[in-house]
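# Descriptive structure summary
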Amino acid sequence: MFTRRESFSEYIRFYPVISVLLTLNIGIYLLTLLPDFGNRIMNAGIGFNYSIANGEWWRFFTPMFLHAGFMHILFNMFCLFVFGPELEKIIGKMRFTTLYLLSGIFANVATYFLHGLDYAHVGASGAIFGLFGAYGALVYYTKKSMPELRQMILPIILISVVMTFIQPNINATGHIGGLIVGFLIGLSYFHPKRILSWQKSRRS
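Scoring rules and cut-offs
Residues numbered from 1 in each chain as written. Predicted model: local features only at pLDDT ≥ 70, side-chain atom pairs only at ≥ 80, totals over all residues. Heavy atoms only, no water. Phe/Tyr/Trp six-rings, centres within 6.5 Å; stacked < 30°, edge-to-face > 60°. Helix = DSSP H or I, 4+ residues; strand = E, 2+ residues; numbered from the N terminus. Buried < 20%, exposed > 50% of the residue type's maximum accessible area, 1.4 Å probe, protein only. 1 Å grid on protein atoms, 1.4 Å probe; cavity = no way out; pocket = protein on both sides within 12 Å on 5 of 7 lines; lining within 4 Å. Points joined across faces, edges and corners; volume = space filled by probe spheres on them.

In this section: the packing of aromatic side chains. On inspection of all chains with the given rule, the structure shows 12 aromatic pairs. Seen in terms of ring centroids, phenylalanine 83 and phenylalanine 132 are 5.4 Å apart; in terms of plane orientation they differ by 75°. Their pairing is edge-to-face. Taken together, the residues phenylalanine 83 in helix H5 (residues 70-91) and phenylalanine 132 in helix H7 (residues 125-142) connect sequence positions 49 residues apart. With a relative accessible area of 11%, phenylalanine 83 lands in the buried category. Measuring from centroid to centroid gives 5.5 Å for phenylalanine 129 and phenylalanine 132, while their planes differ by 75°, and the two rings are edge-to-face. One end of the pair is phenylalanine 129 and the other is phenylalanine 132, both in helix H7 and 3 residues apart, which spans about a single turn.

Size it by volume and the largest pocket reaches roughly 570 Å³. Lining the largest pocket we find 26 residues, and of these His72, Ser125, Asn169, Ile170 and His175 sit closest to its centre. Top element by residues in the lining of the largest pocket is helix H8 (residues 147-166). It accounts for 4 residues.

See below:
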């Protein structure tokens, strides 16, 4: 399920939304490495609560495409690359886009309301945890028909949540906020006919 066997061209053709998101995140990260110009990009898009309070509402959106270092973007893009395709396949391009963006935005909104004005953050983690939340919804709907899915997904979600609270400099509010929103959106996206179609495609 999470083993990628597609060629580069097949991956782009099968999962266009994920391919665009990967390209945007990696491209913007490379731009932030440029002297001076990179600092301008970070300063203009970082999720700084004080700036949001002063009307810079775009900062609810832009932090999803900024990262604070190589390991930061590596982890997030690896998760998107591995865990995203199955969801894009099940729910389709538009729903996947909505799931990803809304999870990230609401994670940033939660961060704004639950942290002080001096708090700043970047990263796609809220959106990534939204994907995990959607998988949680899929497990909820398939707990009787696909128990092996539960055995695969729940440990991934549990480990991700635990790591959120034991690693330093992690926006736990964003992670948990994205997870909850992704789960709620997933509940609305996964209905019996769509899940049945996905299950049949996996058996074929």
